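A structural walkthrough
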Amino acid sequence: MFIEKIRYEITLKASFLTFFIVSLATIIRPLMIEQDVLFTYIGVFNSLAMGCVFLYLKYTKPKSWYPMLFTCVGLLVLTPITVVSGGVNSQFTYLIPTIPIFIALVSNAKYTWITALIVIVLVIGLYFSIGISPDFTNEIVPQSKTASRALWLCLSVSLSTMLGVQFNRVYGALGDKISEQAETDLLTGLKNRRSVMSFLQTAIDQAKSKNGQLSVMMIDLDHFKVINDTYGHLAGDLCLKQVAQLIQHSVRDASDLAGRFGGEEFIVVIKDIDAQRATDIANIIRLSIEQKTVSLNDRKEVKVTATIGICSLNSEQLTSIEHCVDLADQALYLGKKNGRNRVEVA
Ligand SMILES: Nc1nc2c(ncn2[C@@H]2O[C@H](COP(=O)(O)OP(=O)(O)OP(=O)(O)O)[C@@H](O)[C@H]2O)c(=O)[nH]1
């Protein structure tokens with residue numbers, strides 16, 4: 001998600017810069033050198049094409065195929081002007097090796113290799129089309145020099161592709177790490193509140209569309225302040241970590257989610273179960289916490305208990321995440337009021 005946003009921003013900026021540079025070159029180049037009017041027509045066409053790409057990307061925000069769209073238009077913009085200005089001998093070929101590296105920046109390794117292949121086929125095509133295609137620069141270049149330029153062009157494209165793919169690998173891994181850290185609670189390693197809320201929203205949408213059920217548990221440690229005050233905050237942290245592990249082990253990895261809601265409060269979202277089954281699972285969690293002995297570094301041992309509030313709703317009762325959390329919270333409050341170390345259902 002995060003990395004997609006960065007890729008979108010890069011593509012948007014690149015399309016605007018290309019539009020700006022191509023337009024500028026179309027205006028300034030005829031003032032510097034005498035050239036066929038066809039170059040100006042192609043320049044105007046290219047500017048319009050890049051302007052349209054920029055507006056399209058800006059206003060529709062397409063998701064995954066925009067790098068390919070950009071490549072196609074990039075090639076569409078470069079190819080005609082390269083063909084009519086001497087093929088592989090054209091000065092526009094200097095831009096060709098930048099295409100795979102750009103695709104590596106905004107996309108993945110697969111798209112980069114595909115793009116590199118297209119670009120190399122294009123370079124070979126440009127080499128063999130010399131003599132057939134129109135050359136409005138009227139420069140005469142010996143055959144051996146043309147072949148050497150085509151070879152160096154293919155090598156530069158390969159180099160830029162390999163560097164791009166390598167960069168993409170490192171950049172992708174970094175992006176994954178940042179995304180994971182942004183979703184994880186640092187102390188317990190469980191999902192953080194923001195991540196659980198987004199999971200809950202998706203689970204509500206799924207339950208509504210499939211006519212399913214959903215249970216939310218709020219788990220709050222009892223008299224946790226006393227543990228902190230008696231044994232210190234580090235001991236409190238150790239308790240939180242160990243309780244988090246117990247909670248994590250009690251949920252199904254693939255479909256459910258346990259997270260830290262904040263402080264000494266945890267939240268569990270369980271799909272497709274009714275109130276009775278949710279109560280059974282909550283009691284298993286509550287008993288495992290009660291039976292756990294947390295060993296502190298100085299050989300002291302701490303016992304801790306938890307109160308759990310549950311809300312179990314069907315597709316018609318599911319309205320919003322706030323409503324689910326609020327109901328589970330009310331049940332939790334009731335549990336605290338009724339003596340703690342117990343499970344209550346809203
Ligand atoms: N060690 C540690 N303590 C925390 C953390 N977050 C919150 N707390 C402590 O959790 C305690 C919560 O206290 P209270 O809200 O009064 O609740 P309680 O003492 O558990 O009492 P009840 O919930 O009513 O059973 C406070 O002492 C907080 O400082 C944390 O990350 N680490």
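In short, a report on the structure.

Thresholds applied
Residues numbered from 1 in each chain as written. Predicted model: local features only at pLDDT ≥ 70, side-chain atom pairs only at ≥ 80, totals over all residues. Heavy atoms only, no water. Buried < 20%, exposed > 50% of the residue type's maximum accessible area, 1.4 Å probe, protein only. Helix = DSSP H or I, 4+ residues; strand = E, 2+ residues; numbered from the N terminus. Pairing = 2+ DSSP bridges. Near = heavy atom within 4 Å. Polar contact = N/O pair within 3.5 Å; in protein donor to acceptor, adjacent residues only side chain to side chain. Areas by Shrake-Rupley, 256 points an atom, 1.4 Å probe, with all protein chains shown as cover. Axes fitted to C-alpha atoms, helices over the stretch in contact; angles between N-to-C directions. Parallel < 35°, antiparallel > 145°, perpendicular 65-115°, else oblique. Contact = heavy atoms within 4.5 Å. Nonpolar A, V, L, I, M, F, W, Y, C, P; charged D, E, K, R; others polar. Phe/Tyr/Trp six-rings, centres within 6.5 Å; stacked < 30°, edge-to-face > 60°. Lys NZ or Arg CZ within 6 Å of the ring centre and 35° of its normal.

**Regarding the pairing of strand β3 (residues 265–271)**
With respect to burial, β3 is a largely interior element, 7 of its 7 residues being buried. Side-chain alternation along β3 places Glu265, Ile267, Val269 and Lys271 on one buried face and Phe266, Val268 and Ile270 on a second face that is also buried. Taken together, the 7 bridges between strand β1 (residues 213–221) and β3 define a ladder with antiparallel strand orientation. Across the sheet, the residue bridging to Asp220 is Glu265, located in β3. In this sheet, β3 lies alongside strand β2 (residues 257–262) in antiparallel orientation, the contact comprising 5 bridges. Bridged to Gly262 within β3 is Glu265. The turn joining β2 and β3, which pair antiparallel and follow one another in sequence, is formed by 2 residues; a positive phi near 50° is taken by Gly263.

**Points about the site of the ligand**
Not every one of the 16 residues close to the ligand is listed here, only the nearest: His223, Phe224, Asp237, Arg260 and Arg340. For the ligand, an oxygen atom lies 3.0 Å from a polar atom in the side chain of Lys336. Notes on the ligand: free accessible area 670 Å², of which the protein chains cover 67%. Counting residues per element, the ones that place at least two in the shell around the ligand are β1, α8 (224–231) and α9 (233–249).

**Thoughts on the packing of helix α5 (residues 109–129) against helix α6 (residues 143–183)**
The angle between the axes and the distance between the axes are what describe a pair of packed helices. It is at 10 Å that the axes of α5 and α6 come closest, and there the two elements cross at 175°. Between α5 and α6, the crossing angle belongs to the class labelled roughly antiparallel. Here Ala109, Thr112, Trp113, Ala116, Val119, Ile120, Val123, Ile124 and Tyr127 of α5 lie close against α6, whose contacting residues are Gln143, Thr146, Ala147, Ala150, Leu153, Cys154, Val157, Ser158, Thr161, Met162, Val165 and Asn168. Classifying every residue of the contact of α5 with α6 gives 15 nonpolar, 6 polar and no charged.

**A few points about the packing of aromatic side chains**
Two aromatic rings are characterised by how far apart their centres lie and by the angle between their planes. As enumerated under the stated definition, the model contains 4 aromatic pairs in all. For the ring pair Tyr127 and Phe128, a centre distance of 5.0 Å and an interplane angle of 70° mean the geometry is edge-to-face. Counting every residue linked through ring pairs, the aromatic cluster contains Phe16, Phe19 and Phe54. Taking the ring centre of Tyr59 as reference, the NZ or CZ of Lys58 above it sits at 5.8 Å. Here the guanidinium or amino end of Arg193 rests over the ring plane of Phe261, the centre of that ring lying 3.9 Å away.

All quantities given are derived from atomic positions and should not be read as evidence of function.
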